[in-house]
Amino acid sequence: MIVMHGIRKRFDSVEVLKGVDYSVARGSVSCLIGPSGSGKSTLLRCVNGLQLADEGEVWVDGELIGLRVDGDHVVPLPEKEIADQRRHIGMVFQRFNLFPHMTALENVMAGPLRVSGAGRDDTRRLALALLDQVGLSARGDHYPNELSGGQQQRVAIARALAMRPKVMLFDEPTSALDPELVGEVLAVMRDLAAEGMTMIVVTHEMGFAREVADHVCFMDDGVIVEEGHPDTVLTNPRTARAREFLKRG
Ligand SMILES: Nc1ncnc2c1ncn2[C@@H]1O[C@H](COP(=O)(O)OP(=O)(O)OP(=O)(O)O)[C@@H](O)[C@H]1O
């Protein structure tokens, strides 16, 4: 479960997040939509500890992210402890961010080999199973530049899953893909949703919001202005503005 209370974030003189309250139940999939610059990516970064909110709290499965309570005060965690927390919060970006000099299999193995005591053989078995899960068992020895955008994004998802995340965050995972490749990434995300993974997906894809999400949240100018079941948010005349930010499909 992900719970955010009163999240505020300022860059210089501009307040980008203005008191966000947002919860995603365990096993739920929430689509976060809204205009460019409304603060969606900043909010995701506050959830996985890449950024610390100026005010407010983020809880992931009962763990306070980036902070600890010290007497009457809440103080930032040391960087190393934030890094430990981040390992269990999977993040997938628009531009895949794979290591270019590593094969698909090596990309998926890299995280667990770096941080856990698991042996190379066990990690290799895990990575092969994850590549199979995302439909890429025949591509393990390919380098990123030998893979399509959709395939690279599926490797990026397998790489995040290799860290056995409690939740997965996706920042526009299909927006850098040619339209014909979007479906294959959506199919992998649908499978993850069916397995009960808790997910927040920043997206402009109507198809994703309709097919996978059980919750849609519309953010505008640093606040959440509408949220609810996709059928409500995507059909209610009051929420026509939210729909403007979704591509049909
Ligand atoms: N590190 C930073 N330093 C200064 N300003 C920032 C920083 N990160 C984000 N911003 C600003 O915060 C605002 C919100 O950015 P953010 O990327 O969260 O929006 P977004 O809703 O994800 O937009 P998009 O849909 O275009 O990705 C923007 O005005 C952006 O320029």
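Because the structure is predicted, anything quoted here is derived from the model rather than measured.

## Topic: the pattern of salt bridges
Piece 1. In total, this model carries 12 salt bridges according to the counting rule given.
Piece 2. Between Lys9 and Asp54 there is a salt bridge, with its nearest N and O atoms 3.9 Å apart. Of this pair, Lys9 sits in strand S1 (residues 2-11) while Asp54 sits in the loop between helix H1 (40-47) and strand S4 (55-60), and the two are 45 residues apart along the sequence.
Piece 3. Overall, the relative accessible area of 11% leaves Lys9 in the buried class.
Piece 4. Of the charged contacts in the structure, one is a salt bridge between Arg26 and Asp61, with a shortest N-O distance of 3.7 Å.

## Things to note about the pairing of strand S9 (residues 167-171)
Piece 1. For S9, the tally of buried residues reaches 5 of 5 residues, placing the bulk of the element in the interior.
Piece 2. Residues Val167, Leu169 and Asp171 point to one face of S9 and Met168 and Phe170 to the other, with burial holding for every one of them.
Piece 3. Summarising the sheet, strand S8 (residues 89-92) and S9 pair through 4 bridges and their orientation is parallel. Residue pairing across strands places Met91 opposite Leu169, the latter belonging to S9.
Piece 4. Judged from the 5 bridges that link them, S9 and strand S10 (residues 198-202) form a sheet pairing that is parallel. Across the sheet, residue Phe170 finds its bridge partner in S10, namely Val201.
Piece 5. Note that the unit made of S9, helix H6 (residues 179-194) and S10 has a crossover that is right-handed.

## Things to note about the environment of Pro165
Piece 1. Along the polypeptide, Pro165 turns up in the loop between helix H5 (149-161) and S9.
Piece 2. Separated by 74 residues in sequence, Pro165 and Met91 place their C-alpha atoms 9.1 Å apart.
Piece 3. Pro165 has contacts with His88, Ile89, Gly90, Ala160 and Met197, leaving out every residue within four places of it along the chain.

## A few points about the sheet that holds S4
Piece 1. Strand order in the open sheet formed by 4 strands is S2-S1-S4-S5, with antiparallel pairing between adjacent strands. Every interior strand has two partners, whereas the edge strands, strand S2 (14-24) and strand S5 (63-64), have only one.
Piece 2. Relative to S5, S4 runs antiparallel, the two sharing 2 bridges. Residue pairing across strands places Trp59 opposite Leu64, the latter belonging to S5.
Piece 3. Sheet strands in contact with H1 are S1, S2 and S4, and its direction is about 120° off that of S1.

## Comments concerning the sheet that holds strand S3 (residues 29-33)
Piece 1. If you trace the 6 strands from one edge of the open sheet to the other, you get S8-S9-S10-S3-S11-S12, paired in mixed fashion. In the strand order of this sheet, the two ends are held by S8 and strand S12 (223-228), each with one partner. Taken over all neighbouring pairs, the strand axes of this sheet differ in orientation by 20° on average, direction set aside.
Piece 2. In the packing of H6 onto the sheet, the strands contacted are S3, S9 and S10, and the crossing angle to S10 comes to about 150°.

## Notes on the nonpolar core
Piece 1. Of all hydrophobic cores here, the largest spans 49 residues; its most connected members are Ile157, Met168, Phe170 and Met199.
Piece 2. No other element matches H6, which puts 8 residues into this core.
Piece 3. When neighbours within four sequence positions are excluded, Ile157 is seen to be in contact with Val92, Met168, Phe170, Val185, Val188, Met189 and Leu192.
Piece 4. Ranked by size, the runner-up nonpolar core spans 24 residues in total, among them Leu32, Leu43, Val47 and Met91.

The rules we used
Residues numbered from 1 in each chain as written. Predicted model: local features only at pLDDT ≥ 70, side-chain atom pairs only at ≥ 80, totals over all residues. Heavy atoms only, no water. Salt bridge = Lys/Arg side-chain N within 4 Å of Asp/Glu carboxyl O. Helix = DSSP H or I, 4+ residues; strand = E, 2+ residues; numbered from the N terminus. Buried < 20%, exposed > 50% of the residue type's maximum accessible area, 1.4 Å probe, protein only. Pairing = 2+ DSSP bridges. Right-handed = clockwise from strand over helix to strand, strands pointing away. Contact = heavy atoms within 4.5 Å. Axes fitted to C-alpha atoms, helices over the stretch in contact; angles between N-to-C directions. Core = buried A, V, L, I, M, F, W, Y, C linked by side-chain atoms within 4.5 Å.

Geometry only, nothing functional implied.
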